[in-house]
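Structural overview for review
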Amino acid sequence: MIIASRLGDGLTVIPSYTWATKPSASALPAGYKIRVTGLLPSPLEQYFYTDGTNWYPDGNQITYARSATSSTTTGTTSEVVLATIPVKALVMLHNSQCNISTAWSSSGTAGTRTIRVRLGGAAGTVICAGTLTASALHIMNMRLACRNSLSSQYTRAESFINVTLSVVAAASVLDMSADQDIVITAQSTSAADSMTLESYLVEVFA
Amino acid sequence: MITIAAEIQNGVFKPESDIPSDARAVVFNGVEYIVYQEGDNLPDIVEG
């Protein structure tokens, strides 16, 4: 699909691709733009430009994922995936950073509840974990940053509203030149508890 | 309302297929994921 728009005196044609079908950034001159569909939650879309080496989001940041569909776990003491965010290869580059904001509610016993964010899927590295022992509404935010490398990251986190979580963040060594899922999970020590991921927002900064 | 089976990976429950984009609420009940869509009555456990 070709999108054409008239800018000034000329006609600028911006070709449209999916993230998988886009051309190599090194095959095009610096400043060349493309439109990418299917990468962000529908109906969001994003333009990217090349610097001759990599593709960068136009505006240098992306609302990469967002949802306010509540996702709850109850009736189990196992860790449960409540959201999966596919991070496509090379969306995060050597110095990219990613803000992940999560809003939660919980109810039930005074047992320990644990929130985890993993990079690399359900079996991936826990880059942030927060624990609390009371029913509460709360927010846990974290920043995942690439250490001038595609294969080294660190995460720092904070929590607030109503109760302070004990938050531990960790380094990771995932290869961001390959697809890596961010997964958000919850686990309680009592099957009588419920934990709800009320919303999340993932922003990527070039 | 639809249900999505769960699988276990590394001891973690996850849905066997993607959650539909039109979901209003999702509840994992210890066995499977229940997906509530437009027109479904939301469970009491879900706010608003």
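Refer to the structure printed above.
Let us look at the structure shown here.

The rules we used
Residues numbered from 1 in each chain as written. Chains lettered and ligands numbered in written order. Predicted model: local features only at pLDDT ≥ 70, side-chain atom pairs only at ≥ 80, totals over all residues. Heavy atoms only, no water. Helix = DSSP H or I, 4+ residues; strand = E, 2+ residues; numbered from the N terminus. Buried < 20%, exposed > 50% of the residue type's maximum accessible area, 1.4 Å probe, protein only. Areas by Shrake-Rupley, 256 points an atom, 1.4 Å probe, with all protein chains shown as cover. Pairing = 2+ DSSP bridges. Phe/Tyr/Trp six-rings, centres within 6.5 Å; stacked < 30°, edge-to-face > 60°. Contact = heavy atoms within 4.5 Å. Buried area = accessible area lost by both parts, 1.4 Å probe. Salt bridge = Lys/Arg side-chain N within 4 Å of Asp/Glu carboxyl O. Nonpolar A, V, L, I, M, F, W, Y, C, P; charged D, E, K, R; others polar. Polar contact = N/O pair within 3.5 Å; in protein donor to acceptor, adjacent residues only side chain to side chain.

Assigned secondary structure in chain B consists of 0 helices and 4 strands. For chain B, the α and β elements follow one another from N to C terminus as β-β-β-β. Expressed as lengths along the three principal axes of its C-alpha atoms, the size of chain B is roughly 35 × 20 × 15 Å. Relative to its full complement of 48 residues, chain B shows a buried share of 38%. By element, 42% of the accessible surface of chain B is carried by carbon and sulfur atoms, the whole surface being about 2,900 Å².

All names here are of chain B. Of the pairings in the sheet, the one linking strand β1 (residues 2–9) to strand β4 (residues 32–36) comprises 4 bridges and is antiparallel in character. Counterpart to T3 in the pairing with β4 is I34. Linking β1 to strand β2 (residues 12–15), which pair antiparallel, is a turn of 2 residues; within it N10 sits at a positive phi near 55°.

Across the 5 residues of strand β7 (residues 70–74) of chain A, 5 count as buried, placing the element largely inside the fold. Burial along β7(A) is two-sided: the face carrying S70(A), T72(A) and T74(A) and the face carrying S71(A) and T73(A) are both buried. One ladder, built from 4 bridges, connects β7(A) with strand β3 (residues 25–28) of chain B; its direction is parallel. Looking at β3(B), one finds that T73(A) is bridged to F28(B). Note that β7(A) and strand β16 (residues 194–205) of chain A share 4 bridges and pair antiparallel. Bridge pairing in β16(A) links T73(A) to M195(A).

It is worth spelling out the packing of aromatic side chains at this point. Two numbers describe a pair of aromatic rings. These are the distance of the centres and the angle of the planes. Scanning the entire structure with this criterion turns up 4 aromatic pairs over all chains. Relative to F48(A), the ring of W19(A) has its centre 4.9 Å away and its plane inclined at 55°; by these criteria the two rings are tilted. Remark: F48(A) occurs in strand β4 (residues 46–50) and W19(A) occurs in the loop between β2 (10–18) and β3 (33–37); sequence separation between them is 29 residues. Overall, F48(A) belongs to the buried group, its relative accessible area being 2%. Joined through ring pairs, the aromatic side chains of F13(B), F28(B) and Y33(B) make up one cluster.

Below, the discussion takes up the interface of chain B and chain A. Of the residues lining the interface, 19 residues belong to chain B; the matching set on chain A comes to 20 residues. Between chain B and chain A lies a buried interface of about 1,500 Å² when both sides are counted; carbon and sulfur atoms form 55% of it. For the interface between chain B and chain A, the tally reads 0 salt bridges. At the level of secondary structure, the elements contributing two or more residues to the side of chain B that touches chain A comprise β2 and β3 of chain B. A per-class count over the side of chain B that touches chain A returns 11 nonpolar, 5 polar and 3 charged.

Below, the discussion takes up the pattern of salt bridges. All names here are of chain A. This structure, assessed with the given rule, holds 6 salt bridges over all chains. With its nearest N and O atoms 3.9 Å apart, the salt bridge here joins K88 to D179. In this pair, K88 is assigned in the loop between β8 (79–87) and β9 (97–107) and D179 in the loop between β14 (166–169) and β15 (180–188), connecting sequence segments 91 residues apart. According to the relative accessible area criterion, K88 is partly exposed, its value standing at 32%. Among the ionic contacts, a cluster of salt bridges with common partners joins E79, R116 and R118.

This next bit is on the side chain of T155(A). Considering the arrangement of structural elements, one finds T155(A) in strand β13 (residues 153–160). Accessibility expressed as a relative area gives 0% for T155(A), which makes it buried.

Residues and elements named next belong to chain A. Positionally, Q153 belongs in strand β13. Taking relative accessible area as the criterion, Q153 reaches 1% and is therefore assigned buried. Of note is the side chain of Q153, whose polar atom sits 2.7 Å from the side chain of S172. Among the polar contacts listed, one links the side chain of Q153 to the backbone oxygen of L174, at a separation of 2.6 Å. If sequence neighbours within four positions are ignored, Q153 has contacts with L119, L144, A145, C146, R147, A171, S172, V173, L174 and M176.

Residues and elements named next belong to chain A. In this chain, S42 is followed by P43 through a cis amide linkage whose omega measures 5°. Tracing the sequence through the fold places P43 in the loop between β3 and β4. Of note, N60 is a non-glycine position whose phi angle comes to about 65°, a positive value. Position of N60 among the secondary structure elements: in the loop between β5 (55–57) and β6 (61–67). Judged by its relative accessible area of 37%, N60 is partly exposed.

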